Amino acid sequence: MPDSIEQKHQVIMIGAGPTSLTAAIYTTREDIETLLFERGAIGGLAAVTDWIDNYPGFPDGISGLDLSAALHKQAERFGAVIELGEVSKISDEGEYRHLETTSGDMYAKAVLIATGSDYKKIGVPGEQDYYARGVHYCATCDGAFYRDKRLVVVGGGNSAVQEAMFLTKFASHIDILVRGPAFRASDILQHELEEKHNDKVTVHFNTSTDEIIGQDNKVVKVVGTDKTTGQKVEFPTDGVFVFVGLMPNTQFLKDSAIELDDVGLIKTNLGLETTMKGVFAAGDVRSGATMQIASAAGEGATAALRIREFLEGRTSPVMK
Amino acid sequence: MVKNITIFTTNTCAYCGMVKKWLGAKGYSYEEVNLDQNPDRQAEALKISGALTVPVTVVTRHDNSQEVIVGFNLSRLAPAVN
């Protein structure tokens, strides 16, 4: 058990994306002392998303960076403290949960895991070799290096289409490679892509991405397969941006008592409590989450209320 | 001992903000090179880091040795400035 008061907290939230920032607004407004740990960007994946049109309250949309900054400011206004660092292990020590972190051992009565997800890799030859030197997963970070260059975007979901549209600010031409016969992206994004970016973007459905090939330390082409004909197809390019789905950030829980589902998302009950007492999970990292920023914020609010009940020794009706 | 720190950034890069926030919280001053405002310096960032990405943080020590950190990587940034 900790001797130092600095190590003891009422609530520690792991991750500082929309889920935790919302939860922290709720807990700190009720004077529940709350510390957040963030190893990447405050705002999580929302912060690296170019533009968000479906978060309520912003009729004209808002940039991911601005939304994250506003949530951050609002959480800090009520006293949330964000520490830049990483949690590597959680264990249950009775009254407290013990967290091993880059800032040393920490203890919290309740923990919220809201570590979200990162973009998945495709897992093809060349992807790792050219990481950050032609293969990228963050358009808002790396797009500026491709002014007047050709690009390939891999993926057919909302992120792929949204980020491809952002990349048209820089690139001379973009080939979007979609493994399936149609986009999974929302109709409104597809419509916007076609209406506003048709001149710079060519979409290739039923096209797998098989290999990223470089020459003289630079990416020069992507080789894929046209699944309707079985023929190999080549796309000359200067860079590749990959948006093929999400991978939960739960590696640090692998040997813990917190149960994960088959794809590594955290299992919770209806009260968002995990299989470890006093540890809650919400947002993109939770099994059953809808992977939307609005629902992540909503789950953050729910988690905060459940945490308050837990701290007060009350059991929520859904937990009985 | 740190002599100076330069960060290559862009306007839309969330991780660039994190590097600036962390250095600011630790009391370090730095020079920021915004590549959206200075696209002519992209080649310099690429030459230094070998990577087509930002943030790139260059920590120069008093003996003129340099450490280059690509991305928001606290496990490399913290020892580089300490």
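Reading the values: the criteria
- Residues numbered from 1 in each chain as written.
- Chains lettered and ligands numbered in written order.
- Predicted model: local features only at pLDDT ≥ 70, side-chain atom pairs only at ≥ 80, totals over all residues.
- Heavy atoms only, no water.
- Helix = DSSP H or I, 4+ residues; strand = E, 2+ residues; numbered from the N terminus.
- Rg over C-alpha atoms; globule rule 2.2 N^0.38 Å.
- Buried < 20%, exposed > 50% of the residue type's maximum accessible area, 1.4 Å probe, protein only.
- Contact = heavy atoms within 4.5 Å.
- Areas by Shrake-Rupley, 256 points an atom, 1.4 Å probe, with all protein chains shown as cover.
- Lys, Arg positive; Asp, Glu negative; His and termini not counted.
- Charge placed at Lys NZ, Arg CZ, Asp CG, Glu CD.
- Buried area = accessible area lost by both parts, 1.4 Å probe.
- Salt bridge = Lys/Arg side-chain N within 4 Å of Asp/Glu carboxyl O.
- Polar contact = N/O pair within 3.5 Å; in protein donor to acceptor, adjacent residues only side chain to side chain.
- Nonpolar A, V, L, I, M, F, W, Y, C, P; charged D, E, K, R; others polar.
- Pairing = 2+ DSSP bridges.
- Axes fitted to C-alpha atoms, helices over the stretch in contact; angles between N-to-C directions.
- 1 Å grid on protein atoms, 1.4 Å probe; cavity = no way out; pocket = protein on both sides within 12 Å on 5 of 7 lines; lining within 4 Å.
- Points joined across faces, edges and corners; volume = space filled by probe spheres on them.
- Core = buried A, V, L, I, M, F, W, Y, C linked by side-chain atoms within 4.5 Å.
- pLDDT = per-residue confidence, 0-100.
- Parallel < 35°, antiparallel > 145°, perpendicular 65-115°, else oblique.
- Left-handed = near helix turned anticlockwise from the far one by under 90°.

## Focus: the overall build of chain A
Logical step 1: Within chain A, the regular secondary structure consists of 7 helices and 19 strands.
Logical step 2: On C-alpha atoms alone, chain A measures out to a radius of gyration of 21 Å, which is about the 20 Å that the 2.2 N^0.38 rule sets for 320 residues.
Logical step 3: Seen through its principal axes, chain A has C-alpha atoms that stretch 60 × 40 × 35 Å.
Logical step 4: A burial count over chain A gives 53% of its 320 residues as buried.
Logical step 5: Considering only contacts within chain A whose residues lie at least 6 apart along the sequence, 60% involve residues at least 24 apart.
Logical step 6: When the accessible area of chain A is evaluated, it comes to approximately 14,400 Å², of which 48% is carbon and sulfur surface.
Logical step 7: For chain A, the centre of its 31 positive side-chain charges and the centre of its 45 negative side-chain charges are spaced 1 Å apart.

## Examining the interface of chain B and chain A
Logical step 1: Contact with chain B, which involves 20 residues of that partner, is made by 23 residues of chain A.
Logical step 2: Buried area between chain B and chain A, summed over both chains or domains, comes out near 1,900 Å², and the portion from carbon and sulfur atoms is 65%.
Logical step 3: In terms of surface lost to chain A, no three residues of chain B exceed Thr12(B), Tyr15(B) and Leu52(B), which account for 32% of the buried area on that side.
Logical step 4: Note that Arg147(A) and Asp36(B) form a salt bridge whose closest N and O atoms lie 3.2 Å from each other.
Logical step 5: Counting across the interface, chain B meets chain A through 5 residue pairs in polar contact (both at pLDDT 80 or more).
Logical step 6: Split by residue class, the side of chain B that touches chain A holds 12 nonpolar, 6 polar and 2 charged.

## Observations regarding the sheet that holds strand 15 (residues 218-226) of chain A
All names here are of chain A.
Logical step 1: One open sheet accounts for 3 strands, arranged 14-15-16; its pairing is antiparallel. Both outer strands of the open sheet, strand 14 (207-215) and strand 16 (231-236), are each paired with one neighbouring strand and no more. In this sheet, adjacent strand axes meet at a mean angle of 25° when their direction is disregarded.
Logical step 2: Across 8 bridges, strand 14 lies against strand 15 in antiparallel orientation. From the neighbouring strand, Gln215 faces strand 15, where its bridge partner is Lys218.

## Describing empty space enclosed by the protein
Residues and elements named next belong to chain A.
Logical step 1: All chains considered together, the criterion is met by 1 cavity of 30 Å³ or more.
Logical step 2: Mapped by element, the contributors of at least two residues to the lining of the largest cavity are helix 1 (18-29) and helix 7 (293-311).
Logical step 3: The dominant element in the lining of the largest cavity, judged by the number of residues it contributes, is helix 7, at 3 residues.
Logical step 4: Taken together, the residues that form the lining of the largest cavity break down as 4 nonpolar, 1 polar and 2 charged.

## Focus: the layout of surface pockets
Logical step 1: Each pocket or cavity is described by its volume, and for the second largest pocket that value is around 420 Å³.
Logical step 2: In this structure, the second largest pocket is lined by 15 residues; those nearest its centre are Arg133(A), Lys149(A), Lys218(A), Leu46(B) and Leu52(B).
Logical step 3: Listing elements by their share of the lining of the second largest pocket, those giving two or more residues are strand 15 of chain A together with helix 2 (42-49) of chain B.
Logical step 4: Along the lines of polarity and charge, the residues of the lining of the second largest pocket split into 7 nonpolar, 3 polar and 5 charged.

## A short note on the nonpolar core
Logical step 1: Core analysis: the largest hydrophobic core is formed by 100 residues, its most contacted members being Leu112(A), Val153(A), Ile176(A) and Trp22(B).
Logical step 2: In contact with Val153(A), other than residues within four places in its own chain, are Ala160(A), Ala164(A), Leu167(A), Ile174(A), Asp175(A), Ile176(A), Leu177(A), Phe241(A) and Phe243(A).
Logical step 3: Ile12(A), Leu99(A), Met106(A) and Val285(A) belong to the second-largest nonpolar core, a separate cluster that totals 19 residues.

## Considerations on the confidence of the model for chain B
Residue and element names in this part refer to chain B.
Logical step 1: Model confidence for chain B is summarised by a mean pLDDT of 93, while 100% of its residues fall at 70 or above.
Logical step 2: Taken element by element, the predicted model of chain B shows its lowest mean pLDDT in helix 3 (residues 74-81) (89) and its highest in strand 2 (residues 31-34) (97).
Logical step 3: For this predicted complex, the interface score ipTM comes out at 0.82, alongside a pTM of 0.84.

## Quick word on the packing of helix 5 (residues 158-167) of chain A against helix 6 (residues 187-197) of chain A
All names here are of chain A.
Logical step 1: Close contact between helix 5 and helix 6 brings their axes to 10 Å; oriented N to C, the two are set at 25°. Accordingly, the angle class assigned to the pair helix 5 and helix 6 is roughly parallel. Where helix 5 crosses over helix 6, the two elements pack in a sense that is left-handed. Along the contact surface, helix 5 presents Asn158, Val161, Gln162 and Met165, while helix 6 presents Leu189, Glu192, Leu193 and His197.
Logical step 2: Across the contact of helix 5 with helix 6, the residue classes tally to 4 nonpolar, 3 polar and 1 charged.

## Overview of the side chain of His197(A)
Residues and elements named next belong to chain A.
Logical step 1: By the element assignment, His197 lies in helix 6.
Logical step 2: Taking relative accessible area as the criterion, His197 reaches 13% and is therefore assigned buried.
Logical step 3: Not counting residues up to four positions away in its chain, the partners in contact with His197 are Met165, Thr168 and Glu192.

## Some remarks on the pattern of salt bridges
Residue and element names in this part refer to chain A.
Logical step 1: Throughout the structure, instances matching the rule amount to 19 salt bridges over all chains.
Logical step 2: With a closest N to O distance of 3.4 Å, Glu86 and Arg39 form a salt bridge. Separated by 47 residues along the polypeptide, Glu86 in the loop between strand 5 (81-84) and strand 6 (87-93) and Arg39 in the loop between strand 2 (34-38) and helix 2 (44-47) bring together distant segments of the chain.
Logical step 3: By relative accessible area, which is 38% here, Glu86 ends up partly exposed.

## Here we look at the sheet that holds strand 12 (residues 173-177) of chain A
All names here are of chain A.
Logical step 1: Taken in spatial order, the 5 strands line up as 10-17-11-12-13 in an open sheet, and their pairing is parallel. The sheet terminates laterally at strand 10 (135-136) and strand 13 (201-204), the two strands that pair on one side only.
Logical step 2: Against the sheet, helix 5 makes contact with strand 11 (150-154), strand 12 and strand 17 (239-242), and its axis sits at roughly 170° relative to strand 11, the strand it touches most.

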